[in-house]
Amino acid sequence: MTLDYVIRRVGIFLLVIWVAASINFFIPKLAPGQDPIVGALLEATQDGGVAGDAMVEIANEYKARYGLDKPLWQQYVIYLGAMAQLDFGVSFVSFSSVNEIILTRLPWTLGLLGTSTLIGFIAGSILGAFIGWPYSPRFLQGFIVPSFLFSAVPPYLMGLILVYLLAVTFSVLPYGGGYEPGVIQGWNFEFFISVLTHAALPAMALVVTDLGVRALVMRGTILSLFGEDYIKHAENRGLKGWRIFALYGMRNALLPQLTWLALSLGFVAGGAIVVEAVFAYPGLGSALLQAIHGFDYPVVFGIVFLIILSIAVMTLILDLVYPLIDPRIKYGKKS
Amino acid sequence: MNLPILIKRSAMIQKRALDGVRYLTEQRMLFIGLCVLLSLALIGPIGSLFIDVTLHRPLSGAFSAPPSSTLPLGTDTQGRNIFAVIVAGVPLTLKVAFLAGSLGLTIGAVLGFVAGYVGGVVDTVIRTASDVLITIPTILILVVVAVSIKGLMSIDAMAITIALMAWMGPARVIRAQVLTLREKAYVDVSKASGMNDFEVMWQELLPNMLPFLAASFVNAVIIAVLSAVGLQALGLGPTDAPTMGMTIHWALEHGAVLAGMWWWWMPPLTVIMILFIGLYLVATGLDEIANPRIGHSS
Amino acid sequence: MTGDVLQVKGLQVYYGTREGQVNAVNDVSFTLEKDERLGLVGESGSGKTTLATALMRLIKAPGQIKGGEVLLDGKDLLKLSNEKMRQARSTEISMIPQGAMNSLNPVMRIRDQMIDTLRDHGVKRTKSEFRKWAAELLERVGLPKEVAGMYPHELSGGMKQRVAIATGICLNPKVIIADEPTSALDVVVQREVMTTLRLVQKELGASVIMIGHDMGLMAQFTDRIGVMYAGKLVEVASVRDIFNKPLHPYTQLLIASLPSLEAKEVFRGIPGRTPSLLNPPPGCGFHPRCPKAMEHCSRLVPALQKMATGQSVACHLYDETTDSTDSPGTSGNGELKIAAPQH
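Thresholds applied
- Residues numbered from 1 in each chain as written.
- Chains lettered and ligands numbered in written order.
- Predicted model: local features only at pLDDT ≥ 70, side-chain atom pairs only at ≥ 80, totals over all residues.
- Helix = DSSP H or I, 4+ residues; strand = E, 2+ residues; numbered from the N terminus.
- Buried ≥ 20, exposed ≤ 12 C-beta atoms within 10 Å, placed from the backbone.
- Contact = placed C-beta atoms within 7 Å.
- Nonpolar A, V, L, I, M, F, W, Y, C, P; charged D, E, K, R; others polar.
- Pairing = 2+ DSSP bridges.
- Axes fitted to C-alpha atoms, helices over the stretch in contact; angles between N-to-C directions.
- pLDDT = per-residue confidence, 0-100.
- Core = buried A, V, L, I, M, F, W, Y, C linked by C-beta atoms within 7 Å.
- Parallel < 35°, antiparallel > 145°, perpendicular 65-115°, else oblique.
- Left-handed = near helix turned anticlockwise from the far one by under 90°.

**So, the overall build of chain C**
Turning to step 1, where the next piece is worked out: Helix and strand counts for chain C stand at 9 helices and 12 strands.
Turning to step 2, where the next piece is worked out: Buried residues in chain C amount to 44% of all 343 residues.
Turning to step 3, where the next piece is worked out: Across chain C, every contact between residues at least 6 apart in sequence was considered, and the portion connecting residues at least 24 apart equals 64%.

**Let's talk about the overall build of chain B**
Turning to step 1, where the next piece is worked out: The helix and strand tally for chain B stands at 12 helices and 0 strands.
Turning to step 2, where the next piece is worked out: When the helices and strands of chain B are read in sequence order from the N terminus, they spell out α-α-α-α-α-α-α-α-α-α-α-α.
Turning to step 3, where the next piece is worked out: For chain B, contacts bridging at least 24 residues in sequence account for 73% of all contacts bridging at least 6.

**What to know about the interface of chain A and chain B**
Turning to step 1, where the next piece is worked out: In this complex, chain A contributes 51 residues to the contact, which on the side of chain B involves 41 residues.
Turning to step 2, where the next piece is worked out: The set of elements that each furnish at least two residues to the side of chain A that touches chain B consists of helix 1 (3-30), helix 7 (144-152), helix 8 (155-169), helix 9 (189-225), helix 11 (241-279), helix 12 (284-293) and helix 13 (297-325) of chain A.
Turning to step 3, where the next piece is worked out: Its residues assigned to classes, the side of chain A that touches chain B shows 43 nonpolar, 8 polar and no charged.

**Remarks on the interface of chain A and chain C**
Turning to step 1, where the next piece is worked out: With 21 residues of chain A at the contact, the number on the chain C side is 26 residues.
Turning to step 2, where the next piece is worked out: Looking at the side of chain A that touches chain C, the elements with two or more residues in it are helix 10 (229-236), helix 11 and helix 14 (327-330) of chain A.
Turning to step 3, where the next piece is worked out: Considering only residue class, the side of chain A that touches chain C consists of 6 nonpolar, 5 polar and 10 charged.

**Concerning the sheet that holds strand 4 (residues 63-72) of chain C**
Residues and elements named next belong to chain C.
Turning to step 1, where the next piece is worked out: Read from one edge to the other, the open sheet built from 4 strands follows the order 2-1-4-5, with strand pairing classed as antiparallel. The open sheet has two free edges, formed respectively by strand 2 (20-33) and strand 5 (75-76), since each of these has just one partner strand.
Turning to step 2, where the next piece is worked out: Note: strand 1 (residues 4-17) against strand 4, 8 bridges, orientation antiparallel. Within the sheet, the bridge partner assigned to Gln-7 lies in strand 4 and is Leu-71.
Turning to step 3, where the next piece is worked out: Sheet contacts for helix 1 (residues 48-55): strand 1, strand 2 and strand 4; angle to strand 2, the most-contacted strand, approximately 70°.

**Notes on helix 10 (residues 244-253) of chain B**
Residues and elements named next belong to chain B.
Turning to step 1, where the next piece is worked out: A large share of helix 10 lies buried, amounting to 9 of its 10 residues.
Turning to step 2, where the next piece is worked out: Within helix 10 the residues assigned to the buried category are Met-244, Gly-245, Met-246, Thr-247, Ile-248, His-249, Trp-250, Ala-251 and Leu-252.
Turning to step 3, where the next piece is worked out: Residue Gly-255 follows helix 10 closely and has a positive phi angle near 60°.

**Thoughts on the confidence of the model for chain B**
Residue and element names in this part refer to chain B.
Turning to step 1, where the next piece is worked out: Per-residue pLDDT for chain B has a mean of 80; in total, 86% of the residues score no lower than 70.
Turning to step 2, where the next piece is worked out: In the model of chain B, helix 8 (residues 185-192) stands out as the element of lowest mean pLDDT, 63, in contrast to helix 4 (residues 120-134), which has the highest, 90.
Turning to step 3, where the next piece is worked out: Low pLDDT (under 50) marks residues 294-298, which in the prediction has 9 contacts with non-local residues, meaning those over four places away or in another chain.

**Comments concerning the environment of Asp-76 of chain B**
All names here are of chain B.
Turning to step 1, where the next piece is worked out: In this structure, Asp-76 sits in the loop between helix 2 (28-50) and helix 3 (82-118).
Turning to step 2, where the next piece is worked out: By C-beta crowding, Asp-76 is classed as buried, having 25 other C-beta atoms within 10 Å.
Turning to step 3, where the next piece is worked out: When near neighbours in sequence (up to four residues on either side) are disregarded, Asp-76 contacts Ser-64, Ile-82, Trp-250 and Trp-264.

**Side note on the nonpolar core**
Turning to step 1, where the next piece is worked out: Formed by 271 residues in total, the largest nonpolar core has its most connected members in Val-300 of chain A together with Val-143 and Ala-224 of chain B.
Turning to step 2, where the next piece is worked out: The leading source of residues in this core is helix 3 of chain B, at 19 residues.
Turning to step 3, where the next piece is worked out: Other than its neighbours up to four places away in sequence, Val-300 of chain A contacts Leu-288, Ala-291 and Ile-292 of chain A together with Val-143 and Val-147 of chain B.

**Focus on the pairing of strand 1 of chain C**
All names here are of chain C.
Turning to step 1, where the next piece is worked out: Where strand 1 meets strand 2, 11 bridges bridge the pair, whose relative direction is antiparallel. Paired with Gly-16 across the strands is Gln-21, a residue of strand 2.
Turning to step 2, where the next piece is worked out: In this antiparallel pair of consecutive strands, strand 1 and strand 2, the connection spans 2 residues.

**Considerations on the sheet that holds strand 7 (residues 175-179) of chain C**
All names here are of chain C.
Turning to step 1, where the next piece is worked out: With respect to topology, 8 strands assemble into an open sheet ordered 6-7-8-3-9-10-12-11, the strand pairing being mixed. Of all strands in the sheet, those bounded by a partner on one side alone are strand 6 (93-96) and strand 11 (305-306).
Turning to step 2, where the next piece is worked out: As judged from the 4 bridges shared by strand 3 (residues 37-41) and strand 9 (residues 224-229), these two strands associate in the parallel manner. Paired with Leu-40 across the two strands is Gly-226, which belongs to strand 9.
Turning to step 3, where the next piece is worked out: On top of the sheet, helix 1 reaches strand 3, strand 6, strand 7, strand 8 (207-212) and strand 9; it is set at about 145° to strand 7, its chief contact.

**Let's talk about the packing of helix 11 of chain A against helix 13 of chain A**
Residues and elements named next belong to chain A.
Turning to step 1, where the next piece is worked out: At a minimum axis distance of 10 Å, the contact between helix 11 and helix 13 shows a crossing angle of 180°. Looking at the two axes, helix 11 sits roughly antiparallel to helix 13. Contacts between helix 11 and helix 13 involve Leu-255, Leu-258, Thr-259, Leu-261, Ala-262, Leu-265, Gly-266 and Ala-269 from the first element and Ile-307, Ile-311, Met-314, Thr-315, Leu-318, Asp-319, Tyr-322 and Ile-325 from the second.
Turning to step 2, where the next piece is worked out: When the residues that make up the contact of helix 11 with helix 13 are grouped by side-chain class, the tally is 12 nonpolar, 3 polar and 1 charged.

**Examining unusual backbone geometry**
Turning to step 1, where the next piece is worked out: Phi is positive for Ser-90 of chain C, which is not a glycine, with a value near 85°.
Turning to step 2, where the next piece is worked out: By secondary structure assignment, the location of Ser-90 of chain C is in helix 2 (residues 82-91).

**A word on the environment of Gly-169 of chain B**
Residues and elements named next belong to chain B.
Turning to step 1, where the next piece is worked out: As for its position among the elements, Gly-169 is in helix 7 (residues 168-183).
Turning to step 2, where the next piece is worked out: Owing to 22 C-beta atoms within 10 Å, Gly-169 belongs among the buried residues under this scheme.
Turning to step 3, where the next piece is worked out: Residues Gly-169 and Val-96, 73 residues apart in the sequence, show an inter-C-alpha distance of 18 Å.
Turning to step 4, where the next piece is worked out: Not counting residues within four places of it along the chain, the set of residues in contact with Gly-169 comprises Gly-108, Ser-216, Asn-219 and Ala-220.

**Here's the deal with the packing of helix 3 of chain B against helix 6 (residues 155-166) of chain B**
Axis angle and axis distance: for two packed helices, these are the angle between their axes and the distance between the axes, and together they describe the pair.
Residue and element names in this part refer to chain B.
Turning to step 1, where the next piece is worked out: Here helix 3 crosses helix 6 at 35°, and the two axes come no closer than 8 Å. The way helix 3 lies across helix 6 gives a crossing that is right-handed. Residues Leu-92, Lys-95, Val-96, Leu-99, Ala-100, Leu-103, Gly-104 and Ile-107 of helix 3 touch helix 6, and the partners they reach there are Ile-155, Met-158, Ala-159, Ile-160, Ile-162, Ala-163 and Ala-166.
Turning to step 2, where the next piece is worked out: Of the residues that constitute the contact of helix 3 with helix 6, the class distribution is 13 nonpolar, 1 polar and 1 charged.

**Brief notes about the confidence of the model for chain C**
Residues and elements named next belong to chain C.
Turning to step 1, where the next piece is worked out: Per-residue pLDDT for chain C averages 81, and the proportion of residues at 70 or more is 88%.
Turning to step 2, where the next piece is worked out: Taken together, the stretch residues 322-343 has pLDDT below 50 and engages in 33 contacts with residues farther than four places along the chain or on a different chain.
Turning to step 3, where the next piece is worked out: As scored by the predictor, the complex reaches a pTM of 0.80 and an ipTM of 0.83.

**Some remarks on the pairing of strand 4 of chain C**
Residues and elements named next belong to chain C.
Turning to step 1, where the next piece is worked out: Where strand 4 and strand 5 come together, 2 bridges link them in antiparallel fashion. Bridge assignment links Leu-72 to a residue of strand 5, and that residue is Lys-75.
Turning to step 2, where the next piece is worked out: Taking the residues that link successive antiparallel strands as the turn, the strand 4-strand 5 hairpin has 2 residues, and the phi of Asp-73 there is positive, at about 55°.

What follows is the structure, given as structure tokens:
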């Protein structure tokens, strides 16, 4: 792993964050008519009453902080500075700090997304390897049809189907929410079970679709790997079938599989957001949805930025880890 | 014209045609995929023969009526005739998909080509832009745009935004192809025989890139449908359009799933699934042509 | 013959393509004695690599071994169960691959790959015993023991080839097939590799089938040479005889076209093109290009016949006739030893 490579990767990381912040800044300003944020502020301040007063305060603070009366480029610089400190401001709707909202929601999303992606990746890769390997038992190879179907359906639609089947028609699992209303939050057993059952459907939706995609990609990699000379040589040496499959086949296919994972993080995140929205799961996704409908701009931009930031960080980590796993890159040419 | 020549010629033409058909049918996935997409495309024109398309609007009939002989797919809580919604909406959904896909492909192909052919700083810039944008989920950008335009989101606006985020895939592929083909001797030969850069591009490189262009196009369309439907499901699409995504959104908003109004959300969902399956079949089929592999799947 | 380690009888390997059947190996028979080094030469497409793959029983669809016998010490390899054949690979018969460039697993260390061969053939040792063994094996092929811990991309072509030799001999097989072991290497490294191979073979007392198209290399290494053309063995003779008095017109042209014994590009100067194995020429496969072709060469397939001198050749020029007044070739009443025309 050369210094060049690291610099480039970190450079791209910084660029991504900068682009994300800039998009959040410029697109509203480019909207036809008035700056929608200003518009929202104005509307809110005209409401009057308790909310109205608080809103006026916020509006004034907003103007001061972000310098809405100053020239555009200055506003931009101030804004970038705020982003760099992860200061997303205050919600127009609930008046709590955006960061607070995010922090409450984040664990839910991380839990759901993290475990689903992990399970989907591992299960999908193994299944895909079996499907692609010419010597696997027939019934395993048959899994390609469901894999194909599952990968073709976006997770939120899969969620709908699952809801219909498992929550409505056969009331096996609960629909909606993160936990049963009325259950006390905290480290107690009831809550734990409640969380798990409520997370089951969204998780299943995410896992099943993710699994399908990973399986298909792995299958493709394994298939193209199968003609490689070292596989033939392994067979020539009379190595056992499972060893060739696992150590000579899968082990080599894992590398491109990880690359693919890094590239697809954007889609995974996007899909998870809509899944959360569909299931009213109390994570960042549904928070985003509520904020959108309420035109709660600080929350919208805060969450959008945060999601992009997370993806960028994960991509950077994967990019830096990959060379460590591939011995061809780790150990350069010696003799 | 004398007879033997005629017979020979028609035999040749027949053989070529048969070869073509045989090739297509052997590429089963591609063929089936295309058939699927074609049938979806026909829903609009053929369906409008059976029903007055304006019935897709609210207040077109009874409320929340389940399917019956007069209402093949029933109505929703606002009186929209679901069958009309499907007939009117499928062409719209397809339009967004293919419009965004084509735009994305064009932008991507041009950028990818320039990057590969010209190289140098231009290449670095385009490649960096591509790497940066690919990390950002399209749907988030759509969200930001939708929130900023405040309800003025139109089909075209969606298509353009998606296209601006979908060009990276085609660009990457085209650039790689251009780089590979550039190495090949025949470019030098063509240049030596007096063709200028542009001619070389047209006559030598493009035909070789067709399968890759086609594959990239389909992938761009897939991304487009994913993002567009996702955005609409969140409720941020064009509110009046009876597209599949918006219909699902209204169904969710009005609790159709829990209320058991399966005829409201199942049709659009089925259409979307069929669309994806068709697209994926075509994509896999094209992939097999571009990268023929040892093993075949079912 | 009792000294024979390997007897191949009537081996046929066909590929089924959309356009028809391709006879890659068409009724090939030969024997290999203990300690013998047999060279197999031929153009690309002559079937030599297919033959090697068939001996290892690793022909894959759409290819198929259609018939014949491969007797290794009396046991027919073609009749073994899959598992028994797997066990036989490396222990009884092994193949040293062509172009070891990509034959080594890029993500495994050299010693782990070598040890794998042992492990999967029932050898149980402790980790340190395995490591010691790997180091010793590498030394046998002239490589420093540090190589054991390296990854394939860290080695040069010649080193990789020697690793391949090492894994090919580690279980003391009776027959070693070396498929163009030096094709991608420069001349100096070639020599090193061939020396290693020769040394190792002597130590083991194994028989070697060496496949290649470098006649010069063959001359230095082998005892006998078999010439293949269009899927058939057209001549088998001792090295001396092949070079000094080649019988088959193809062999004669081969020898004649050698500018010098060290040449690599041997096939300049033979007019015509490699025959299509899909639509092979009727009769003798070489007749379209043969300067000595006779009328019946295009109708009847010549069988491999053993001459008094010990050479075997498949050519109508050497068909024995009882009526000596008939010149070979005239369809007359002379009893020609004719093989049944094949199709």
